[in-house]
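Here are the chains, one letter per residue:
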Amino acid sequence: MRITVVRPRELGDAELAAWRAMQAATPRLANPFMSAGYARAVDQVRKGARVAVLEEGSDLVGFFPFELTGRGSGAAIGGWLSLCQGLVHAPGLDRLDARELLRGCGLAVWEYGTLVTGQPWFEPYTRRTLGSVIMDLSDGFAGYAKGLQARGSKVVKQTRYKERKLARQVGEVTFDFDVRDAASLALVRRWKSEQYRAMGRTDRFSRRWVVDLVELLHGTREPGFAGCLSMLYAGGAPVAGHFGLRSDHTLITWFPVYDPGYSRYSPGMALHLRMAEAAAERGIREMDLGPGVGWRYKEELRSHETPVGEGVVRRRSPGAAVHWVRHAPVARARRTILENERLYEMADRALRRYGAFRTRGR
């Protein structure tokens, strides 16, 4: 196998076509975060963006997008923003060793946080498995709602009731699945920043490259890949919004948010159901809400979960040893908190109190 590392922008038409064909042949790889379009967008805002092109003889057999984070160290392309990571490959690829792949990429370490299923070369290095929440639209929105009802859920009925109440008390409720307006995107960013601060979390939009990437993706329309901004309105005023990514198969929920002034109407839930209806009408077969730890609304909306892995591949090298010393204790402490419900709840309450204190002080 021959491995060549290039910038995503350097891929030619034949390589891009092969990448899309591999995704089309294996549905679990058809996630927007696994697309060449996402890698090429990250390449415009992050100087460490790379992709390894794998060839056997004259055949292209795989593409491994990653991002350089230090000398000999790498992570998923887009890092912690990416909700699906791994190797895009031709069907039947099995002769691959993860450490030899890293060697070919010039890496001693590769970290991942949401590894897609069906990646046997990386799975021995997975230290934690999470459940990414799926809204199953394969039988249309009616089939999705029927599945919820079959397990005793009343979330669709209750959300529709609150939506009608919102219409009566505020004004007609309307929805737009694909909004191109830059001002709407800026509003969603502002709401999301305020939400991060209120929860005591780091504001992702405080990083300029994240803002640049989202704005770039908002304008991206490619075969099988696009940014998607959806908005919910009441009486003509925006009450909830979401920016995410979509392929022909999957809609990823990335930055959902609502105006807290309308919280009693559950506008976030109404937005998700409206998005699901519109996505199903466009032939999208699933909405991926990402890992569900700590998010009640995901539990209420889920049809099922798909496993994603978190771990680190390290080659035997001095660079990998230094990485372990710097990162392993922190990662172990983080896993301990996330895997203990009581510790997680205590940490979450502390962060929210800190967020409330910070908000009052502004």
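Note that this is a predicted model, so its numbers are computed, not measured.

1. Here's the deal with the overall build of the protein
For the protein, the helix and strand inventory stands at 11 helices and 14 strands. The buried share of the protein, taken over its 362 residues, is 51%. Of the contacts formed within the protein by residues at least 6 apart in sequence, a portion of 75% connects residues at least 24 apart.

2. Here's the deal with empty space enclosed by the protein
Throughout the structure, instances matching the rule amount to one cavity of 30 Å³ or more. Taken together, Phe33, Met34, Pro65, Ala76, Ile77, Ser82, Cys84, Gln85, Gly86 and Trp110 make up the full set of residues lining the largest cavity. A class-by-class count of the residues in the lining of the largest cavity yields seven nonpolar, three polar and no charged.

3. Describing the pairing of strand E13 (residues 286–291)
Burial analysis of E13 places six of its six residues in the buried class, which makes it a mostly covered element. Bridge analysis of strand E7 (residues 126–136) against E13 gives five bridges, and the strand direction is antiparallel. Bridging across to E13, Met135 finds its partner in Met287. Taken together, strand E12 (residues 250–258), helix H8 (residues 267–281) and E13 form a β-α-β motif whose crossover is right-handed.

4. Some words on the side chain of Asp288
With respect to the helices and strands, the residue Asp288 is situated in strand E13. We note that Asp288 is buried and unpaired, the nearest opposite charge coming from Lys298 at a distance of 7.3 Å. A polar side-chain atom of Asp288 sits 2.7 Å from a polar atom in the side chain of Ser132. Not counting chain neighbours up to four residues away, the residues in contact with Asp288 comprise Asn31, Ser132, Val133, Ile134, Thr250, Leu251, Ile252 and Thr253.

5. Overview of the packing of helix H5 (residues 155–169) against H8
For the pair H5 and H8, the least separation of the axes is 9 Å and the interaxial angle reads 110°. Between H5 and H8, the angle is such that the two are roughly perpendicular. H5 and H8 meet at a crossing whose hand is left-handed. Each of Val155, Val156, Thr159, Arg160 and Glu163 in H5 lies in contact with H8, whose residues at this interface are Met269, Ala270, Leu273, Arg274 and Glu277.

6. Details of the layout of surface pockets
The computed volume of the second largest pocket comes to approximately 320 Å³. Taken together, 20 residues line the second largest pocket, and the ones lying closest to its centre are Arg20, Gln23, Ala24, Gly224 and Asp248. With four residues, helix H1 (residues 13–25) is the single largest residue contributor to the lining of the second largest pocket. In the lining of the second largest pocket, the residues fall into eight nonpolar, seven polar and five charged.

7. What to know about helix H4 (residues 140–150)
Among the residues making up H4, those that are buried are Phe141, Tyr144, Ala145 and Leu148. Take H4 and look down its axis: the buried residues cluster within an arc of 95°, on one side only. Among the exposed residues of H4, those oriented more than 90 degrees off its buried face are Ala142, Lys146 and Ala150. For H4, the elements touching its buried residues are E7, H5, H8 and helix H9 (296–301). In the segment just after H4, Gly152 is the residue with positive phi, at about 90°.

8. Thoughts on the environment of Ala240
With respect to the helices, strands and loops of the structure, Ala240 is situated in strand E11 (residues 237–246). Here Ala240 falls in the buried class, since its relative accessible area comes to 0%. Spatially, the C-alpha atoms of Ala240 and Asp259 are 6.0 Å apart, while their sequence positions differ by 19 residues. Ignoring anything within four residues of it in the chain, the contact list for Ala240 reads Trp191, Ser230, Met231, Leu232, Val257, Tyr258, Pro267 and Leu271.

Scoring rules and cut-offs
- Residues numbered from 1 in each chain as written.
- Predicted model: local features only at pLDDT ≥ 70, side-chain atom pairs only at ≥ 80, totals over all residues.
- Heavy atoms only, no water.
- Helix = DSSP H or I, 4+ residues; strand = E, 2+ residues; numbered from the N terminus.
- Buried < 20%, exposed > 50% of the residue type's maximum accessible area, 1.4 Å probe, protein only.
- Contact = heavy atoms within 4.5 Å.
- 1 Å grid on protein atoms, 1.4 Å probe; cavity = no way out; pocket = protein on both sides within 12 Å on 5 of 7 lines; lining within 4 Å.
- Points joined across faces, edges and corners; volume = space filled by probe spheres on them.
- Nonpolar A, V, L, I, M, F, W, Y, C, P; charged D, E, K, R; others polar.
- Pairing = 2+ DSSP bridges.
- Right-handed = clockwise from strand over helix to strand, strands pointing away.
- Lys, Arg positive; Asp, Glu negative; His and termini not counted.
- Salt bridge = Lys/Arg side-chain N within 4 Å of Asp/Glu carboxyl O.
- Polar contact = N/O pair within 3.5 Å; in protein donor to acceptor, adjacent residues only side chain to side chain.
- Axes fitted to C-alpha atoms, helices over the stretch in contact; angles between N-to-C directions.
- Parallel < 35°, antiparallel > 145°, perpendicular 65-115°, else oblique.
- Left-handed = near helix turned anticlockwise from the far one by under 90°.
- Arc of directions from axis to C-beta.

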